[in-house]
Amino acid sequence: MIPYGRQDINDDDVRAVIEVLRSDWLTQGPAVERFEQQVAAYCGARHAVALSNATAALHLACLAAGLGPGDLLWTSPNTFVASANCALYCGARPGFVDIDPATLNLDVDALEQRLRAARTNGQLPKLVVPVHFAGQSCDMARIAELAREYGFSVIEDAAHAIGARYQGAPVGGCRFSAMTVFSFHPVKIVTSGEGGMVLTNSDTLYRQLLLLRSHGITRAPEQLQGASDGPWYYEQQALGFNYRITDIQAALGASQMGRIDAFVARRQQLARRYDALLADLPLVLPHCHPDAESATHLYVVRLRLDRVKASQRQVFEALRARAIGVNLHYIPVHTQPYYRELGFAAGDFPQAEQYYREALTLPLFPGLSEAEQDQVVHALHEVLV
Ligand SMILES: *Cc1c(COP(=O)(O)O)cnc(C)c1O
């Protein structure tokens, strides 16, 4: 089976991990700091906080932004459930804004309309979490304008988008947001096994994230609220968590960061090749906004169902039967049983739902060979025409 995504691990990565295993630190040691500094420098952000995964990173980012009971968080329905669950972890209420069918990102016109309505009924969100779907940045300049006008904070869910650029600058620099979250799960652009990171330019948010990552405990003399009892002294100042990442993982992530540009370039090259080889099939191919340079985490096509002889499910199953590991990103979050329990219903976000009925994710990862890609293309020709 050709998978839809796969990590790329080389001998340098293996050596970096072994070096940590032979060192004094297995967790929260020098490799974590190195990884953080490397990603912050790459993205042009002041601070980075590495965490056990991006779900934990979203949770802490929401807490650091002050999200709590009674507050609202809005995100895209076309995302992984974690982008909305972080609201519920904080006791806040999640809401959604439908997608733009061209970019598959949160539709900023729809966002503006909902904000206008929300202002009149006192239901404005405290946080908006734009998701850079498939690695393409949302229209952050416009979202930041709306944030100023309507008084919400922005956390970018950039789990797909490390290595992407927006208006010429790297995603993660937080020019248009309070914080940006990355994931280092093995299917993402760069991996640490499991891992996540929050980037920010705010010293206050940075301190808060550090505190919450490790039980709400600090040892920093300048941060103590009381007098120190001695060199062993620490204070718990907030209800934090154990969301630490290990040095073993951080060393892998740092080693991978050395190849990020090559990973993204290879993904983009394969995507351009798909564009050319699939042009004559009844498919809508990915569209990239001129302001965005995608990290190309996913290559998603939409079936033109009126011109395809089979149903979406038949196409999917026929490709799997031909050992092509297609996937589907995403089931609209608001249609999940847990979200229906919260009052959401099918029909609430028609663009995301229509997209879901036509979408298909094709295999794309740096190690995909052109021969394997030809196999995918050949199978699609067989199944679709
Ligand atoms: C993968 C992913 C996450 C969660 O990342 P983990 O590191 O697995 O917790 C969150 N949001 C999006 C959009 C993702 O794709």
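Here the structure is a predicted model, which means the values were calculated and not measured.

Cut-offs used in this document
Residues numbered from 1 in each chain as written. Predicted model: local features only at pLDDT ≥ 70, side-chain atom pairs only at ≥ 80, totals over all residues. Heavy atoms only, no water. Pairing = 2+ DSSP bridges. Helix = DSSP H or I, 4+ residues; strand = E, 2+ residues; numbered from the N terminus. Contact = heavy atoms within 4.5 Å. Axes fitted to C-alpha atoms, helices over the stretch in contact; angles between N-to-C directions. Salt bridge = Lys/Arg side-chain N within 4 Å of Asp/Glu carboxyl O. Buried < 20%, exposed > 50% of the residue type's maximum accessible area, 1.4 Å probe, protein only. Near = heavy atom within 4 Å. Polar contact = N/O pair within 3.5 Å; in protein donor to acceptor, adjacent residues only side chain to side chain. Areas by Shrake-Rupley, 256 points an atom, 1.4 Å probe, with all protein chains shown as cover. Nonpolar A, V, L, I, M, F, W, Y, C, P; charged D, E, K, R; others polar. Right-handed = clockwise from strand over helix to strand, strands pointing away. Phe/Tyr/Trp six-rings, centres within 6.5 Å; stacked < 30°, edge-to-face > 60°.

**Q** How would you summarise the sheet that holds strand β12 (residues 283–284) if you had to cite specific residues and measurements?
**A** The pairing of strands in a sheet comes from backbone hydrogen bonds and takes either a parallel or an antiparallel form. Read across the open sheet, the three strands follow the order β12-β14-β15; overall the sheet is antiparallel. Looking along the sheet, the strands with just one partner apiece sit at the ends: β12 and β15 (359–362). The pairing of β12 with strand β14 (residues 299–303) spans two bridges and is classified as antiparallel. Within the sheet, the bridge partner assigned to V284 lies in β14 and is R302. The sheet strands contacting helix α10 (residues 312–321) are β14 and β15, and the helix crosses β15 at an angle near 15 degrees.

**Q** Quick rundown of the pattern of salt bridges? Include the residues and the values.
**A** Tallied over the full model, the rule gives 16 salt bridges. For R322, the salt bridge goes to E382, with nearest N and O atoms at 2.7 Å. In this pair, R322 sits in the loop between α10 and α11 (337–341) while E382 sits in helix α13 (residues 370–384), placing the two residues 60 residues apart along the sequence. Residue classification places E382 among the partly exposed residues on the basis of a relative accessible area of 39%.

**Q** So what's going on with the site of the ligand? Residues and values would help.
**A** The environment of the ligand is made up of 15 residues, and the closest members are T55, D157, H160, S183 and K188. At a separation of 3.1 Å, an oxygen atom of the ligand approaches a polar side-chain atom of Y330. The protein chains hide 92% of the 380 Å² of surface that the ligand would expose on its own. Tallied by class, the residues present in the shell around the ligand amount to six nonpolar, seven polar and two charged.

**Q** Just give me the short version of the environment of C86, but keep the residues and values in it.
**A** Here C86 lies in helix α4 (residues 82–89). On the basis of relative accessible area, C86 is assigned to the buried category, the value being 1%. Remark: the alpha-carbon pair of C86 and V377, spanning 291 residues in sequence, is separated by 38 Å. Excluding its chain neighbours within four sequence positions, the residues that come into contact with C86 are L58, H59, C62 and L73.

**Q** Please set out the pairing of strand β3 (residues 93–96) residue by residue, giving values where relevant.
**A** Both strand β2 (residues 72–75) and β3 contribute to a ladder of four bridges, which runs parallel. Bridge pairing in β3 links L72 to R93. Crossover β2 to β3 through α4 is right-handed.

**Q** Hey, could you go over the packing of aromatic side chains for me, with residue numbers and the actual values?
**A** Aromatic rings in a pair are described by how distant their centres are and how their planes are angled relative to each other. In this structure the tally under the stated criterion is eleven aromatic pairs. Relative to Y330, the ring of F133 has its centre 6.0 Å away and its plane inclined at 70 degrees; by these criteria the two rings are edge-to-face. Placement of F133 in the loop between β4 (127–129) and α6 (140–150) and of Y330 in the loop between α10 and α11 is noted, with a sequence separation of 197 residues between them. Note on accessibility: F133 and Y330 belong to one class, buried. Aromatic side chains Y338 and Y339 sit 6.1 Å apart centroid to centroid with 70 degrees between the ring planes, which places their arrangement in the edge-to-face category. On the basis of relative accessible area, Y339 is assigned to the buried category, the value being 1%. Among the aromatic residues, those joined into a ring-pair cluster are F96, Y338, Y339, F344 and F349.

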